[in-house]
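As a plain string of letters, each chain reads:
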Amino acid sequence: MYSRSAPMRTGGRGIWGKTRSEKKKQDAQWLDPTFAAQLERRHRELQKLIDQECQNGNQYMIRMKQKHEMEVKRKETIHKEYMKHLDEISHKRKPLKKAEPIPSFILRWNEEHQKILWERFVQYCNIGVSRFELVEVMSGSRFFSFMRHCGFVNEVKSSKIIANIRVKAREARRRHKMPPLPAEVIEKSRAYHGPGALTPANIDILFTKVQRKNKYPRKVIDFDGFCELVERVSIQVFQETPPVCRAKAIEVIKEVKVILTGTKSKANRFHDDKSTYTGVWRNGGPRPLSTVVTLCNMMDRSPADVRGVNLYYSQHKLNPFPIRRGQR
């Protein structure tokens, strides 16, 4: 416990605390020239004492003097570097070199080829999209369907067992005169019937390589990436020089059409034959009648006064809630 006479460390003046007037005196003291002269005199005296001790062989003072000199040199070098930095900033900066433009794969194609590619790109990007919208990015599934319709995908190459099963299934469907599957429709209508050199896995790998260059968060490509992908695929399929591969790819892409193979529902007698309908649907289904009870009939929407009473009752002094029998 502290006594009342003993100074406290916190609060009040105490030993360590200083009043505002003392702080002002201390601040003003540094501006006084006589005080500065006294400090310089003391500094010289201390320097003489240190030199004398060093001459007498005081090892501690020698080490302290060496540390002081090293610190002074370090501060001088920092000051010089800082002044050089200020000089560099003050002078005019050299003009920066213009960044080289990113190589565009669109420019590798002719103007006619660009138009054809743009038409196919827009067609496949907007499959299943409203006609009032325009999508200008393509997903991996849309690009794969485009490659299938072109004929650049050889799905038989991926697995011989699956290929044999498909061949047997086709023969059975033809024997029983059944409609062809969507895959058979695509194979018949594809534009290129040559030896396809790519599998679905190869196309997916190429798509991810090109997609990483884009800035889109989703796994999509723009028109520039589409042109690059078509060129890469054509080089692997035709295995010739890039100009020849581009020309052959355009000839194939010209004949490509969007193929939409949706599922068709089978016949259902309970839905197609209206004589099997029962209940309300036998008579044509429900109809909106005037006698139907709705909120418009249940709620009184006529004008009312401030208290919420109908104006007709308030003007004619009628009771909106008549008294029942047995009540007074």
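Residues numbered from 1 in each chain as written. Predicted model: local features only at pLDDT ≥ 70, side-chain atom pairs only at ≥ 80, totals over all residues. Heavy atoms only, no water.

Draft legend 1. Here's a closer look at the packing of aromatic side chains. All chains considered together, the criterion is met by 11 aromatic pairs. Aromatic side chains Trp118 and Phe223 sit 5.1 Å apart centroid to centroid with 90 degrees between the ring planes, which places their arrangement in the edge-to-face category. Residue Trp118 is found in helix 4 (residues 111–125), and its partner Phe223 is found in helix 9 (residues 223–238); the two are separated by 105 residues along the sequence. By relative accessible area, which is 12% here, Phe223 ends up buried. Counting every residue linked through ring pairs, the aromatic cluster contains Trp118, Phe121, Tyr124, Phe143, Phe146, Phe207, Phe223 and Phe226. (Phe/Tyr/Trp six-rings, centres within 6.5 Å; stacked < 30°, edge-to-face > 60°. Helix = DSSP H or I, 4+ residues; strand = E, 2+ residues; numbered from the N terminus. Buried < 20%, exposed > 50% of the residue type's maximum accessible area, 1.4 Å probe, protein only.)

Draft legend 2. Geometry of the side chain of Ser234. With respect to the helices and strands, Ser234 occurs in helix 9. The exposure class assigned to Ser234 is buried, which follows from its relative accessible area of 0%.

Draft legend 3. Geometry of a nonpolar patch on the surface. Among the surface-exposed residues, Tyr82, Met83 and Leu86 lie close enough to one another that they form a single nonpolar patch of about 280 Å² accessible area. Along the chain, Tyr82 turns up in helix 3 (residues 59–90). (Patch = residues over 30% accessible without salt bridge, like charges linked within 9 Å, V, L, I, M, F, W, Y side chains within 5 Å. Areas by Shrake-Rupley, 256 points an atom, 1.4 Å probe, with all protein chains shown as cover. Salt bridge = Lys/Arg side-chain N within 4 Å of Asp/Glu carboxyl O.)

Draft legend 4. Looking closely at the pattern of salt bridges. Scanning the model with the defined rule gives 8 salt bridges in all. The closest approach of N and O atoms between Lys65 and Asp51, which form a salt bridge, is 3.0 Å. On the criterion of sequence distance, the pair formed by Lys65 in helix 3 and Asp51 in helix 2 (residues 33–56) is long-range, its members being 14 residues apart. With its nearest N and O atoms 2.8 Å apart, the salt bridge here joins Lys248 to Glu240. Within this structure, Arg108, Glu231 and Arg246 form a network of salt bridges that share partners.

All quantities given are derived from atomic positions and should not be read as evidence of function.
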